[in-house]
Structure formats: structure tokens, C-alpha cells
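In case you want the letters, here they are:
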Amino acid sequence: MSQKPHIDRESGRHLFKQMLRIRRFEAKCAELYQAQKIRGFLHLYDGEEAVALGVMQALEDRDAVVATYRDHGHAIARGLPMATLMAEMYGKMEGCSRGRGGSMHFFDRARRFYGGNAIVGGGLPLAIGIAMADKQLRPGAVTACFFGEGAAGEGAFHESINLAELWDLPVLFVCENNLYAMGMPLELAEAETNISRKAAAYRTPNEAVDGMNPIAVEAAARRAVDSIRGGNGPYFLECRTYRFRAHSMFDAQLYRTREEIELWKERDPLPRMQKWLEETHMLSPQELRGIEADVEAEIGKAVAFAEQGQWEKIEELERFVLVDEVPE
Amino acid sequence: MKELAANASTNRMTYREACRQAIREALIDDPRTLLMGEDVGLYGGCYAVSKGLLAEFGPQRIRDTPLAEATFVGAGIGAAMAGLRPIVEIMTCNFSLLALDQIMNNAATIPHMSGGQFAVPLVIRMATGAGRQLAAQHSHSLEGWFAHIPGLKVLAPGTIEDARFMLKAALADPNPVIIFEHIVLYNAEGDLDPDVTSVDIAKARIRRHGRDISILTYGNSLPKSLAAAEVLAAEGIEAEVVDLRVLRPLDNATLFESVARTRRCIVVDEGWKSGSISAEIAARLSEDQFFELDAPIRRICSREIPVPYAAHMEEAALPQTPQIVDAARSLVKPR
């Protein structure tokens, strides 16, 4: 059985550092996008760190993850090395997908990271299948499937929850409800804006949790994972969160107000966590500087790794369109 | 395996029975294999292909799914990525459109986009074609569309032997393979050669040799083309009938060799002509075999309409033997 989260000096600093790694990584990505080192679509995770981190805290190595196109936070929290992520966005063959996927399509077989999927709702059916295989081949393993609230508009969302419940599959559905499907406000898209009630309609155990609080997310994720490993079928977690940055790098944000963004920033998990750690004397100014220095160094190394990476040979363009064998 | 051997001793069987035996053999041979789809269990399959398999293998391996094509196909993809060897049945190719996103964006894309980290060793079977008065929404021939997609292999068994053995080869392949079974062929009967226990899924096959003209075809147009060759033979025209079998990747070598020898060619395809597999074949022949041809390439395809219900109208919409005969006559004995 998983344990309830117990926040002590070590675990508190761990949570803070992990969120800081994601936040600073995203800042570097934005900078490198401006410098045209990173191209294509780039979707940043600022504001939603507590969701990926809280959920991953409850997972083990044997578990599987299906991510979305906003997958940097999922990947970092799952333990994919920043260097291979950065190299991927540089389009280098040392990247976690050999430079074929870019920002939206991080993959890592060793860490059971089944990819950032750029079709909204497209990952849910995959999670159903992975859980089917796990139930037969790796009993006890859980598949965590991330998607935004926009996915609730897709048929695959409903079909997948129904099937997972019907077949008692070990799937943890994680809805990152950030209130906007690109620019479409939830209340204009859904007749029922309470997303977890949709899961309830399929008799799937569910709860909505404060997605701006990593401790709350972790506690809920542990309850969910315990329930799933206990053989009770899937679990649906709606994490109510907010994206601080634009949808992508091409977004004038006409659909929301600056005031709304500022209001949500008051709930930013990073300064809140930092303040709490400082007030409870679990983080000294010196320790904070140490953590920040570690994170900056890690990002610096990741950028250097990406810069030094190699371009895949054009002769390899067709490699893996068809494969010769199933990788072990 | 004893029972299989007993069944195999009956060499005359229908295409439907050949499909059923292929699935049964796959389930016996590999515990990672399962059959999943609409009405494959209790109902026994829309075309009765999986009749009896639920009783034999149980509901874990013969899985009836809700009417949710996108999700049960996507689940097949995920299961294949995570170690199973699923066979997903889409009742008819007409419903495959509801799962096209999963097939194209996930199955066909992930192996390449993940840099080779993940494979999708999945088999999707679906019924295709017209000829049973099912009207437009149940009469499409979409195999040409799927043959457009890099990352897939597309098979079209036109014989009892291929219906019986293509599945095994498809399951052994590490890539996503789609098998199109023609609805009119399920009742076709034929004899299996007892010495044949496997087929390749790479090559086209010459089903009738001839020196005067090559008829390139597949699926239910194969028996129509063979019938045409019979008529033509009586008139002294020796037509060669080439069964494409594999629509992606196309076996250029066999097609080119045949056409270079006969110097004349008809492509017969139940799909619509515009943007079809017949268009692809004609283009390849013009690109590579232009100077070997003594006559223009002819194509016989379905009329470009939604296939109608009324029998005489449906018959007129599809490629038929007399058209193939006429086309051959016009090419071999030009006026």
C-alpha cells in the first residue's frame, strides 16, 4: 500500500525542487524559442507543475505514463533526463525521440513513458490497451493517463472511461482541468462543467482536487493508486489547475483577462511552497540558493548537451517507418 | 494442436472457415493473442467468422467490445505496444473511419516518431467491399486509403489459402498490419493444398499465367478477373492474372516483371478510380515501365458514386467480368 504523504524537511524540499526544475526548464525553453533554437509548437507547463509532480510521486517504476502534447512537466517529473528532452527539442538524435517528435512527443521506453500525444483525447485509448496488457503481463502495474479538460469533448474520453470501468482496468485518469481548451473556455464547451461527474456517470471512482497544491494532488493520487492496485478498476482524478503562459508561442490570449491570470498566480504552488518551507524552517536562504544553483546547473548542462548533439543522417529518414523487430 | 490437425484434414472449406481456423490457430499458438471487436463473441461475428471461439477460449481472449471503434482500436494499439499480440476486428471497413485517428496518428506514426523505441505489432481485420445490396454506408472499399499510409502493411486475401494463412504471417510481423476480407468472398469455397502451411505477406502472386496481357487485381475482383481470363482464352487471348495480395508495400518487382513480359496491362480495383490503388499502380508503371508498354494502361474501377442498394444498380456500379473482357479485347486486338 502507498503511504499518505508525510511532509518533512527532505520531502518538502524535494517537492519544491522538482517544481522548480520544471518551472526553470520551461523558462529556458521559452528563451531558446525566441533564439530560434527550438522551433515548431511549444506548449509550456507553468502553473500546472503540482499536477504532474503530485501524480508521479504516487507512481512506481513498473507503472506506465501516457502524456499530452504539454508533456515537459510529465517527462521531468517521471524522471526523463532534462538533457535528452532539450536535445529532442533541438531536433538532435540524442533526443528522447531521436529528434523525430520534438516538444510534443517525448518518449522513453525504459521509463514506460508512452509519449506525449498531440491529438486531444488520442492517448486515452492507448492507456486502455496498455492497462489490458499490464493486467495480463505485469499484474499490479498502473497506467497514468494525462489529458486536459478539452478531451472531455471527444468521444474517445467517454468510450475509454466506460471500457476501463467495464473491464476493471488499472488506469488512473488524470484530467488537468486548466479551464481552457486552447482558447475555448470550459463553460462554452461543456454543458456539465464538473468533469469528474462525467466519470461518475460511468461508475468510476473519482475526485476533484486542488491542482495548485502538490501535496493535495499527491495525497489524492496515492488514494487513487491504492484503489487501483487493490483491484478496484480505474480511478478518475480531476486536478483543477491553471496555465500561466499562453497556450503555445502563437497565442494573443484574447480569450482571458490579465486580471484572471493574476488571480490564479496568487495560488502559484512555487512561491507558496517556498514560503511554507521557510516559515517552518525547513528551507534556509542558503539552502534555497543551493537548490536554485543545482537547477540552473542542470539546465545549463542540458543546453550544452543539446548544442553538442548530432543531427540524424538524412539517410535514416525512413528508418523505423516499418520496424524489423519488436524492441525488448 | 491435434484438433487443428483433424480440421486441417478437411481441405475443402469456405473463405469464412479459413479465416476462423486462422484465428483459432493464432489463439492456440500464442497466449498473448486475443480477438477483440464488436459482436465477435456472443454473436459469433457479424459474418460468423468467430463462431464458437468464445466457448473455446473464454471472454478474456474473445472480447466483445462496446460500439466504440476509436477506443477498442486504440486499445489494441496500446496493448500491442505493451506486449500483447491483439487481433482487432472492425466489423466493416465502413466503421473504420471512426478509428482512423488511432490507426493513422498512433499505430502508423509512433514507431517512427518514438525513434524506434516502440513497435505496434497489431493486426486489424475488417470486412470490405460491395456486392450484397447493403447500400452506400456498408459498401465502401477503403483499402486504397489505408494503403496510402506509411507505417502500415495492408493485405487483401483473395483466395482461401491467403484467408487461411495471412493472419499467421501478419501476427509474426512487428508492424501494424490491416487485413481486408471481402464480404462477397466469405462464402467462396476452395481446396487448400495440404502441403502449404504458411504464406508470405510481401509478394504479389501470379494466379494464371498468360503472354498477351496482365490483369493486376486483388480481393473480389480476383475471381472476376480469372473468369474474364477464361472467356478470353476461348478467344485465343492469353491473359495473365496477378493477385496483388499486399497493397502496401506494393510488390513492384512482380508487377513490373509481368507487365514487361505481356506489354499490356489492365488494373481492376473495386475502389473508386480517383486517388485509388489502381491510380498508384498505373503511375508506377508509367514511371518505370513506360517503354515496355505497347498500349495505354486501362483501369476498371467502381463508378464514382455511393454504391446504391438496388441489385441492378449495384451491379452496374462495380467492376464486372464483361468489362474486363472488353478492355482486354480492345488492348490486345486494337481496332
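No experiment lies behind these values; they were computed from the predicted model shown.

So, the overall build of chain B
Here comes step 1: Within chain B one finds 13 helices and 14 strands.
Here comes step 2: Against the compact-globule benchmark of 20 Å for 335 residues, chain B has a radius of gyration of 20 Å, which places it among compact chains.
Here comes step 3: A principal-axis box enclosing the C-alpha atoms of chain B has dimensions of 65 × 45 × 40 Å.
Here comes step 4: Within the span of chain B, comprising 335 residues, buried residues form 60% of the whole.
Here comes step 5: Relative to all contacts within chain B whose residues are 6 or more apart in sequence, the contacts with residues 24 or more apart total 81%.
Here comes step 6: Of the roughly 12,700 Å² of accessible surface on chain B, 55% is carried by carbon and sulfur atoms.
Here comes step 7: Computed over 34 positive and 41 negative side-chain charges, the separation of the two mean positions in chain B equals 1 Å.

Points about the domain arrangement of chain B
Residues and elements named next belong to chain B.
Here comes step 1: Each assigned domain of chain B is listed here: domain 1 (2-191) and domain 2 (205-332).
Here comes step 2: On a C-alpha basis, the centroid separation for the pair domain 1 and domain 2 is 26 Å.
Here comes step 3: Counting residues at the interface gives 33 residues for domain 1 and 25 residues for domain 2.
Here comes step 4: By the criterion of area lost to domain 2, the three top residues of domain 1 are Gln133, Ala147 and Ala156, representing 23% of everything that side buries.
Here comes step 5: Across the domain 1-domain 2 interface, the total number found is 3 salt bridges.

As for the environment of Pro174 of chain B
Here comes step 1: Assignment of secondary structure puts Pro174 of chain B in the loop between α8 (160-172) and β7 (177-182).
Here comes step 2: C-alpha of Pro174 of chain B to C-alpha of Gln102 of chain B: the two residues are 72 residues apart in sequence and 18 Å apart in space.
Here comes step 3: Beyond its immediate stretch of four places on either side in the chain, Pro174 of chain B contacts Val323, Asp324, Glu325 and Val326 of chain A together with Ala119, Val120 and Pro121 of chain B.

Examining the packing of aromatic side chains
Here comes step 1: Tallied over the entire structure, the rule returns 16 aromatic pairs over all chains.
Here comes step 2: Summarising the aromatic geometry, the rings of Phe107 of chain A and Phe118 of chain B are spaced 5.9 Å apart at their centres and angled 55 degrees between planes, so their arrangement reads as tilted. Taken as a pair, Phe107 of chain A in the loop between α4 (82-89) and β2 (113-117) and Phe118 of chain B in the loop between α6 (110-113) and β5 (123-128) lie in two separate chains rather than in one. Phe118 of chain B carries the same exposure label as Phe107 of chain A, and that label is buried.
Here comes step 3: When the ring of Tyr15 of chain B is compared with that of Tyr186 of chain B, the centres are 5.7 Å apart and the planes differ by 70 degrees; the resulting orientation is edge-to-face. Placement of the pair is Tyr15 of chain B in helix α2 (residues 15-29) and Tyr186 of chain B in the loop between β7 and β8 (189-191), with a sequence separation of 171 residues.
Here comes step 4: The class for Tyr15 of chain B is buried, based on a relative accessible area of 1%.
Here comes step 5: Residue class for Tyr186 of chain B comes out buried when judged on its relative accessible area of 2%.
Here comes step 6: Taken together through their ring pairs, the aromatic side chains of Phe147, Phe157, Phe173 and Phe236 of chain A make up a single cluster.

Side note on the pattern of salt bridges
When the charged atoms of two side chains lie near each other, side chains of opposite charge can form a pair.
Residues and elements named next belong to chain B.
Here comes step 1: Summed over all chains, the structure comprises 54 salt bridges over all chains.
Here comes step 2: A salt bridge links Arg125 to Glu181, with the shortest nitrogen-to-oxygen separation between them at 2.8 Å. Placement of Arg125 in strand β5 and of Glu181 in strand β7 is noted, with a sequence separation of 56 residues between them.
Here comes step 3: Using a relative accessible area of 3% as the deciding quantity, one classes Arg125 as buried.
Here comes step 4: The salt bridge partner of Glu292 is Arg263, with a shortest N-O separation of 3.8 Å.

Looking at the interface of chain A and chain B
A common measure of how large an interface is: the accessible area buried when the components associate.
Here comes step 1: Listed by partner, the interface residues are 42 residues for chain A and 43 residues for chain B.
Here comes step 2: Across the chain A to chain B interface the summed buried area is about 3,400 Å²; carbon plus sulfur atoms make up 67%.
Here comes step 3: Our count for the contact surface shared by chain A and chain B stands at 0 salt bridges.
Here comes step 4: Put simply, chain A and chain B have 16 residue pairs in polar contact (both at pLDDT 80 or more) between them.

As for the sheet that holds strand β10 (residues 213-217) of chain B
All names here are of chain B.
Here comes step 1: Spatially, β9-β11-β10-β13-β14 is the arrangement adopted by the 5 strands of the open sheet, whose pairing is mixed. Looking at the sheet topology across the chains shown, the edges are occupied by β9 (205-208) and β14 (298-302). Between one strand and the next, the sheet's axes are offset by a mean angle of 25 degrees, whatever the strand orientation.
Here comes step 2: Pairing analysis gives 3 bridges linking β10 to strand β13 (residues 265-272), with the strands arranged parallel. Note that in β13 the partner of Ser214 across the bridge is Cys265.
Here comes step 3: Relative to the sheet, helix α9 (residues 221-234) contacts β9, β10, β11 (239-243) and β13, its axis offset from that of β11 by approximately 170 degrees.

Some remarks on the side chain of Ser227 of chain A
All names here are of chain A.
Here comes step 1: Here Ser227 lies in helix α9 (residues 214-229).
Here comes step 2: A residue is classified by how much of its surface remains accessible, and Ser227, at 15% relative accessible area, is buried.
Here comes step 3: In this structure, Ser227 is in contact with Asn232 and Tyr235, ignoring residues within four places of it in sequence.

Considering the pairing of strand β7 (residues 206-210) of chain A
Residues and elements named next belong to chain A.
Here comes step 1: Side-chain alternation along β7 places Glu207 and Val209 on a buried face and Asn206, Ala208 and Asp210 on a face that remains uncovered.
Here comes step 2: Here β7 runs beside strand β8 (residues 235-240); their pairing, made up of 5 bridges, is parallel. Opposite Asn206, over in β8, you have Phe236 as the bridge partner.
Here comes step 3: Remark: the β7/α9/β8 crossover connection has right-handed handedness.

Side note on the packing of helix α10 (residues 252-262) of chain B against helix α11 (residues 277-288) of chain B
Residue and element names in this part refer to chain B.
Here comes step 1: Two elements in contact, α10 and α11, have axes separated by 11 Å at closest approach and are oriented at 65 degrees. Crossing of α10 over α11 shows right-handed handedness. Mapping the contact onto sequence places Asn252, Leu255, Phe256 and Val259 in α10 and Ile281, Arg284, Leu285 and Asp288 in α11.
Here comes step 2: Residues belonging to the contact of α10 with α11 are distributed by class as follows: 5 nonpolar, 1 polar and 2 charged.

Calculation rules
- The numbers attached to residues start from 1 for each chain and follow its sequence in the written order.
- Starting at A for chains and at 1 for ligands, labels are handed out in the order in which the entities are written.
- Where local features are concerned, this predicted model is filtered to residues with pLDDT of at least 70; where side-chain atom pairs are given and counted, the filter is 80 or more; whole-chain, interface and lining totals use all residues.
- With hydrogens and water excluded, all non-hydrogen atoms of the structure serve as input to the side-chain values.
- Counting from the N terminus, the helices are DSSP H or I runs at least four residues long and the strands are E runs at least two residues long.
- Every radius of gyration here is taken over C-alpha atoms, with the globule rule written as 2.2 Å times N^0.38, N being the number of residues.
- Buried residues are those whose accessible area, probed at 1.4 Å on protein chains only, stays under 20% of the maximum for their type, while exposed residues exceed 50% and partly exposed ones sit between those limits.
- In this analysis, two residues are considered to be in contact whenever any of their non-hydrogen atoms come within 4.5 Å of each other.
- Methods summary: accessible areas were calculated by the Shrake-Rupley approach with a probe of 1.4 Å, and residue burial reflects only the protein chains presented.
- In this count, Lys and Arg are taken as positive residues and Asp and Glu as negative ones, while His and the chain termini are left out.
- Charged side chains are reduced to one point each, which is NZ for Lys, CZ for Arg, CG for Asp and CD for Glu.
- Those domain boundaries reflect an automatic or database domain assignment.
- As a working definition, buried area equals the accessible area (1.4 Å probe) given up by two parts on being put together, with both sides summed.
- Salt bridge, as applied in this entry: a Lys or Arg side-chain nitrogen positioned within 4 Å of an Asp or Glu carboxyl oxygen.
- Two rings belonging to Phe, Tyr or Trp (six-membered ring only in the last case) form a pair when the distance between their centres is within 6.5 Å. Interplanar angles under 30 degrees mark stacking, angles over 60 mark edge-to-face geometry, and anything in between is tilted.
- Two N or O atoms count as a polar contact when they lie within 3.5 Å, although within protein this holds only if one can serve as hydrogen donor and the other as acceptor, and sequence-adjacent residues are included solely when both atoms are side-chain atoms.
- The rule for pairing is simple: two strands pair if DSSP sees at least two bridges between them.
- Angles shown run from 0 to 180 degrees and are taken between the N-to-C directions of axes, each axis being a line fitted to C-alpha atoms and, for helices, limited to the stretch in contact.
- Seen with its strands pointing away from the viewer, a crossover is right-handed when the path leading from the first strand over the helix to the second is clockwise.
- The hand of a helix crossing depends on one turn: near helix anticlockwise from the far one by less than a right angle means left-handed, and clockwise means right-handed.
- Each residue gets one label: Ala, Val, Leu, Ile, Met, Phe, Trp, Tyr, Cys and Pro are nonpolar, Asp, Glu, Lys and Arg are charged, and the others, such as Gly, are polar.

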